[in-house]
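Each chain, letter by letter, is given below.
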Amino acid sequence: MKGHGRIEKRRVSICQSPNDITFWPGLKTIIRVQSERQTIRHNHIEVQNETRYYISSLSTTAQEFSERIRGYWGVENKVHYVRDVTQGEDASRIRTKPLPQIFAIARNFTLNLYRSQMFENMAQAQRLCSFGLDTLKQFFRMK
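Definitions and cut-offs
- Residues numbered from 1 in each chain as written.
- Predicted model: local features only at pLDDT ≥ 70, side-chain atom pairs only at ≥ 80, totals over all residues.
- Heavy atoms only, no water.
- Core = buried A, V, L, I, M, F, W, Y, C linked by side-chain atoms within 4.5 Å.
- Buried < 20%, exposed > 50% of the residue type's maximum accessible area, 1.4 Å probe, protein only.
- Helix = DSSP H or I, 4+ residues; strand = E, 2+ residues; numbered from the N terminus.
- Salt bridge = Lys/Arg side-chain N within 4 Å of Asp/Glu carboxyl O.
- Phe/Tyr/Trp six-rings, centres within 6.5 Å; stacked < 30°, edge-to-face > 60°.
- pLDDT = per-residue confidence, 0-100.
- Expected span 1.5 Å × (residues − 1).
- Arc of directions from axis to C-beta.
- Contact = heavy atoms within 4.5 Å.
- Polar contact = N/O pair within 3.5 Å; in protein donor to acceptor, adjacent residues only side chain to side chain.

Student: What am I meant to see in the nonpolar core here?
Tutor: In summary, soluble globular proteins display a tendency toward joint burial of nonpolar side chains. Counting residues in each nonpolar core, the largest one holds seven residues, listed as Val 82, Leu 111, Tyr 114, Phe 119, Met 122, Ala 125 and Cys 129. Elements represented by at least two residues in this core include exactly helix H2 (99-116) and helix H3 (122-129). With three residues, H3 is the single largest residue contributor to this core.

Laid out in structure tokens, this is it:
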């Protein structure tokens, strides 16, 4: 896989029916994901290796687990990262209940509005919509 100035290779292997592990009821599969990431920095290739383990109550193929794991990280990148970085949720000083929950709903609502207008870059959408009420009304076709 290639993107963001790096090359990443993943190898997914599974162990099904691990009968020796009794302290996880319903455990059917242990998944190992080995990643190798190559990044070019200052005309020098840096290689990082990482191994992650997952457990599951599903019995399916390594390919299916690979797609599910990638799907999870897609959610992380599309929602949580945007809320943390673009919308500054982690830096928020709002602590008095129920305001944190209300602001989380408002942040999710704005992301849904941006996506409904076919924005893929949430930072760009946020910048455009921060120009004022007239811009927002025009953008969302309001009177």
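Okay, back to it.
Student: Would you explain the pattern of salt bridges in this entry?
Tutor: This model, assessed by the stated rule, comprises four salt bridges. Glu 8 is paired through a salt bridge with Arg 37; the nearest N and O atoms lie 3.4 Å apart. Of the two residues, Glu 8 is situated in strand E2 (residues 6-16) and Arg 37 in strand E3 (residues 29-41); the sequence distance between them amounts to 29 residues. Assessed through its relative accessible area of 28%, Arg 37 is described here as partly exposed.

Student: Help me out: how do you make sense of the packing of aromatic side chains in this one?
Tutor: For any two aromatic rings, the description comes down to two numbers: the centre-to-centre distance and the angle of the planes. What the rule picks out here adds up to two aromatic pairs. Taken together, a centroid distance of 4.9 Å and an interplanar angle of 45 degrees make the contact between Phe 23 and Trp 24 tilted. Overall, Trp 24 belongs to the partly exposed group, its relative accessible area being 39%. Relative to Phe 119, the ring of Tyr 114 lies with its centre 6.4 Å away and its plane at 65 degrees, an arrangement referred to as edge-to-face.

Student: How should I be thinking about the confidence of the model for the chain in this particular structure?
Tutor: Segments scoring low in pLDDT should not have their predicted coordinates read at a detailed level. Averaged over every residue, the pLDDT of the chain is 81; the share at 70 or more is 90%. Taken element by element, the predicted model of the chain shows its lowest mean pLDDT in strand E1 (residues 2-3) (56) and its highest in strand E4 (residues 44-56) (91).

Student: When you look at H2 in this model, what are you seeing that I'm missing?
Tutor: Working note: α-helix, 3.6 residues per turn, so residues spaced by three or four point in the same direction. The terminal C-alpha atoms of H2, which comprises 18 residues, lie 25 Å apart, in line with the 26 Å expected from a rise of 1.5 Å per residue. Those residues of H2 lying buried are Ala 104, Arg 107, Leu 111 and Tyr 114. Viewed end-on, H2 has its buried residues packed into an arc of 90 degrees, placing them on one side of the element. Turned more than 90 degrees from where H2 packs its buried face, Ile 105, Phe 109 and Asn 112 sit exposed. Among the residues trailing H2, Met 118 stands out with phi positive, at a value near 70 degrees.

Student: Mind showing me how you'd approach the side chain of Arg 107 here?
Tutor: If you trace the backbone, Arg 107 turns up in helix H2. Those residues within four positions of Arg 107 in sequence are excluded, and the remaining contacts are Gln 87, Glu 89 and Ser 92.

Student: Before we go on, may I ask you to explain the side chain of Ser 56 in this structure?
Tutor: By secondary structure assignment, the location of Ser 56 is in strand E4. Here Ser 56 falls in the buried class, since its relative accessible area comes to 13%. A polar contact of 2.9 Å, which involves the side chain of Ser 56, links it to the backbone nitrogen of Leu 58. Residues within four places of Ser 56 in sequence aside, it is in contact with Gly 26, Leu 27, Lys 28, Thr 29, Ile 31 and Phe 65.

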